[in-house]
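# Analysis of the macromolecular model
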Amino acid sequence: MILGTLCVIFSFGKGRDYLLRPAGMFFAFAGLCIIISVEVMRQSVKRMIDSDETIWIEYYYSWSFTCACASFTLLILSGATLLLISMPHMPRNPWETCMDAEPDTLD
C-alpha cells in the first residue's frame, strides 16, 4: 500500500502518468493479501470451533474482520480504477485510424 501511495503521489508531476499502472497493481496486490489473511483467520476460527476440545455456544466476528473486508473492497476497487485510468485512450472512430494507415504493397 505504501508503494502504491508513493506511485500515486509521484504521478501528479508532469508527464508521469505511467506510474498509475504500478500503483494500481500494488493496490490490487495489497487487497489480495488482505483477503487471503482474512480467509486464513476465518478458517482457523472455524477449525477451533469444530474441534472437540473447545465448547462454543455462540461466536461472532469482531469489528476488525469487518474493517479488513472493507479495506479489501476499497483496495481492489481503487486498484481496478487506477488500472482503467492508466489504459491508453481509444480513438472515437477506430475505422478512421485504420483508413489513415498506409496500404501495404505486395512485391
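Residues numbered from 1 in each chain as written. Predicted model: local features only at pLDDT ≥ 70, side-chain atom pairs only at ≥ 80, totals over all residues. Heavy atoms only, no water.

One can find Ser86 in helix H3 (residues 63-86). Within the structure, Ser86 has its side chain in polar contact with the backbone oxygen of Leu83 (distance 3.0 Å). (Helix = DSSP H or I, 4+ residues; strand = E, 2+ residues; numbered from the N terminus. Polar contact = N/O pair within 3.5 Å; in protein donor to acceptor, adjacent residues only side chain to side chain.)

As a further point, take the confidence of the model for the protein chain. In the predicted model, the protein chain carries a mean pLDDT of 81, and 82% of its residues have values of at least 70. When pLDDT is averaged over each element of the protein chain, H3 comes out on top at 90 and helix H4 (residues 94-99) at the bottom at 60. (pLDDT = per-residue confidence, 0-100.)

A word on helix H1 (residues 2-10). Each α-helix turn comprises 3.6 residues. Residues three or four places apart therefore point the same way. Of the positions making up H1, those classed as buried are Gly4, Cys7 and Val8. Viewed end-on, H1 has its buried residues packed into an arc of 100 degrees, placing them on one side of the element. Among the structural elements, helix H2 (20-50) and H3 are those in contact with the buried residues of H1. (Buried < 20%, exposed > 50% of the residue type's maximum accessible area, 1.4 Å probe, protein only. Arc of directions from axis to C-beta. Contact = heavy atoms within 4.5 Å.)

With that settled, consider the side chain of Ser11. Mapped onto the secondary structure, Ser11 falls in the loop between H1 and H2. Reaching out from Ser11, the side chain makes a polar contact with the backbone oxygen of Val8 at a distance of 2.7 Å. Leaving out residues up to four positions away in the same chain, Ser11 has contacts with Arg16, Asp17, Leu19 and Leu20.

To continue, consider the pattern of salt bridges. Evaluated as defined, the whole model comprises one salt bridge. With its nearest N and O atoms 2.9 Å apart, the salt bridge here joins Glu39 to Arg42. Placement of both Glu39 and Arg42 in helix H2 is noted, with a separation of three residues, approximately one turn of the helix. Judged by its relative accessible area of 35%, Glu39 falls in the partly exposed class. Judged by its relative accessible area of 29%, Arg42 falls in the partly exposed class. (Salt bridge = Lys/Arg side-chain N within 4 Å of Asp/Glu carboxyl O.)

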